[in-house]
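A closer look at the structure
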Amino acid sequence: WWVPLPLREGSPDELRMFEYGSRLKSCNDMPAKLPVDRGLGKHASKNVNNRMTFSSGQLDIWQEAKDGCPVNADPFLPWVHDMFPDATGSVIHFVAQNKRRCNSGKVHIDDILALQPQVTILQPVSVKRIDETTAKSLAPELWSPTNEVSNSTRYRLAPHEEADSDAMFTRFICRFRAMDYATTPPFLVNVGETLSTYPFNYEFVNYRKELGDLSMLTPKGKDNPMFWLSQLKFDCPVPDNGDLRSMIASGEGVLSDGTPSVYVDVIPIRTAPRYGKRMSYFTPDMAGDSLDVNGDKLEFGDLMTNNIVPTGDVTKHIQHEMHVPRLMKNGFDPQLFWGDRHVLPRVEASGRWENFPICRHPGVGYESSDEPNNKAVEPTGEAKRDNAVPKKHKLTACLWASASFATRGNAEAISNTADRLKEWIEFHLLVGFDHIYVYDNTGAHTEETSLEHTLFPRFFESEVTRIDWPSRVCNNNIPAHENTGERSSQYAAESSCRARYGPYTEWMASFDTDEYLIPMGTFNSMAEVVDDAANAGIEILTFRSTRASPIYSFMEPSHDHPNCGTESEPNCLRVKDGALFVEAYNCDFEQLPKPTWADRAKKQLFRPEYVQTHYVHYSTVTQGLLETKEEATKAKKQWSPRFEESRRADRTTDEMNQAVMLHSKTTVPEYTADWKNLCKYGAASSHGSKCRVGFPWPQNKVGLEEETSEGYGYNCFTNENLSNVWIPKLRDAMGKRESRVASLPALESAKIKVKEKDPFCGECKWKGQPFDCNERVAYLQSKGGISEAEAKDSIRKDCIRK
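Reference entry: report on the structure contained in this document. (Residues numbered from 1 in each chain as written. Predicted model: local features only at pLDDT ≥ 70, side-chain atom pairs only at ≥ 80, totals over all residues. Heavy atoms only, no water.)

Moving on to the state of the cysteines. Applying the stated criterion across every chain, the model contains 7 disulfides. One disulfide bridge connects C102 with C474, the sulfur atoms lying 2.2 Å from each other. Every disulfide takes its handedness from the sign of the S-S torsion; for C102 and C474 that torsion is -105°, giving left-handed. In this pair, C102 is assigned in the loop between β3 (91-97) and α2 (109-114) and C474 in the loop between β16 (464-468) and α12 (488-501), connecting sequence segments 372 residues apart. Of the residues examined, C102 reaches a relative accessible area of 5% and is grouped as buried. Between the sulfur atoms of C679 and its disulfide mate C691 the distance is 2.0 Å. Where C679 bonds to C691 through sulfur, the torsion about that S-S bond is close to 90°, and the disulfide is right-handed. (Disulfide = S-S within 2.5 Å. Helix = DSSP H or I, 4+ residues; strand = E, 2+ residues; numbered from the N terminus. Buried < 20%, exposed > 50% of the residue type's maximum accessible area, 1.4 Å probe, protein only.)

Moving on, we get to the sheet that holds strand β6 (residues 172-180). With respect to topology, 4 strands assemble into an open sheet ordered β7-β6-β9-β11, the strand pairing being antiparallel. The open sheet has two edge strands with one neighbour each: β7 (187-195) and β11 (353-357). Strand-to-strand twist across the sheet, computed as the mean angle between neighbouring axes with direction ignored, equals 30°. Sheet topology note: the β6/β7 ladder contains 8 bridges and is antiparallel. Across the sheet, M179 pairs through a bridge with L188, a residue of β7. (Pairing = 2+ DSSP bridges. Axes fitted to C-alpha atoms, helices over the stretch in contact; angles between N-to-C directions.)

That bond from T184 to P185 is cis: its omega, -5°, falls within 30 degrees of zero. For V616, which is not glycine, the phi dihedral falls at a positive 55°. Along the chain, V616 turns up in the loop between β23 (611-615) and β24 (618-622).

Below, the discussion takes up the pairing of strand β5 (residues 154-157). Judged by which residues are buried, β5 turns out to be covered on both faces: R154 and R156 on one side and Y155 and L157 on the other are all buried. Summarising the sheet, strand β4 (residues 127-130) and β5 pair through 4 bridges and their orientation is antiparallel. The partner of V127 across the bridge, within β5, is L157.

As structure tokens, this is what we get:
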């Protein structure tokens, strides 16, 4: 560390500017066209077996910034995948990923080290606002405009004791600008600055994950396994400036063509990283007066006195009489590392994200009571006591899906997503899910299609929401690969879904289209299951995962692979066309209840109010984890630096009497090669050579019989509740859906004829205010899942036809 932290004396002329407006033209392009990557067909490096690096010169950070994303060029910039306002217009939520986690291994170590700031921006800093005169007095060497008198707010890094109350734990300056249409041409004017906040303290989360000296960053870049640092979420408070918040909340700031009127700039506050728990920057209420750290496994030693590189006289700018006594006995010392005169450069001289468009909030949940299909779900169990606000939904699911994709390591090309998706959605609506959010990743693989026509008009928009999500997975290697980086797009989608839609649902989950939740015992729906869990005080329901296999009777010979023989002598099997996936794969090698090792690929239903961050299989940040020592003391509870989720809060489902998950991962034909020998009764098997075809035990009883009439060994168990109850219901529901979809063309023709005879829109008012009736009709259709005619009927009383 260079101490005190040197001033950043650069000028605006030293910055490089990259523009992305050619692709992100309006709110209609959000969040799909945020500059996350280069886009389909333009990537300079592979995401499988990639050995190209920026540090070697094989990849150019500036070309990457120009063509796609500037984060490698300036790693203090958050890798933003989504951003949107809350329903009140008072906060702008940002969803970002930690780009440092895209790669691992020796080949990429220099790039990993260069991306350390991606973790640094997870660590809060504290600042104090100062005026321009004070800034020039403390740091006259900083750039400032020539002959300009400015009354803009400036900022100084300051310890908690001196920081502003809203600046104790921040990392970004948020500058808001609005379009002034009173001038010709219109131009952006500043309407206020705020300081970012975190939904929770990432450093505190890291502190409570282990008793040892767990570091958010390590000098050798070995911290990537800490997946609770995968996602960066932060907020920019909207200035309480006239009608700004109400304009954002109402969506009036977005023009009819999607053009935004309000924008926000995000300016990082740049500091050196903090290593090890001993450098945690807390206030005493969080973890006590001293930090409890067991061991020093990283051998950092006392980082408060070692590894220091003085910049001149270390104490030159540290005026001890200005400071009250230290509030903590150990931890990060801002006085030593920042000094007393570290003034941040002006925004104009700072690298930054500029002109993020502020668009409409997700809008799912609290429209007026006369909205079509509007309903409210009363909280149950402990949620009823903690939060009396009714939710739009009881149970929702998030899906990250694509019309076609390659599995990890590009091992398999999967193209049956559309059929799987239709069946999966129908099944889960049937078992009690209220709404499904589909993050459509098709655009990362092809521009020829999307899931739009798979979903609509088959499903109502009150049942399914599609979010265009074309960002590419930055690393698609298999888990055993040396470079086991992250599937960034998938994890960002999960984070976005919880942030966007979590506030409007009691329970939420992120699943794949091959994972089915099945109510068991006396439960008739998953809604009943979560109500029962809530009444028991459960916050997280965990489902163990074992891989099911396709049943032989639902399969047919296949030869469409080099390992699968010939047309006359096929050596493989494939699931028959038209078979239901959930029926064909209703054959699990493990008998219920599933073994504990099946926790390794578990999935979860969770209450979003309790689970702040979820990562594929794990609830990584919960309200229990975030409880401070002071909060525990006031509640007369014991508190430990090492947090473990209680069994009461996180419960594995009773698979016989509550609910179970069927994992119907596709078995491609080549995986069944030589099945006739491998599946024979008594045949030996190994990890890489075993029977992948299901032969269900008669009556699910082991030993009643040992082999089929053809000599194949029985090897799996069916879910009888699925076979006898839910599959017949699913067939019926899908049949009715097909009938409705088949009738749609006639309905559309009827609508057109009515429209031609009866011009509808005229002068309209909504709640006493003029509005565009065409926009209102489109809004009601999208939010209520109703037809155009129904939408018009609902507002006809408010319109005077011409």
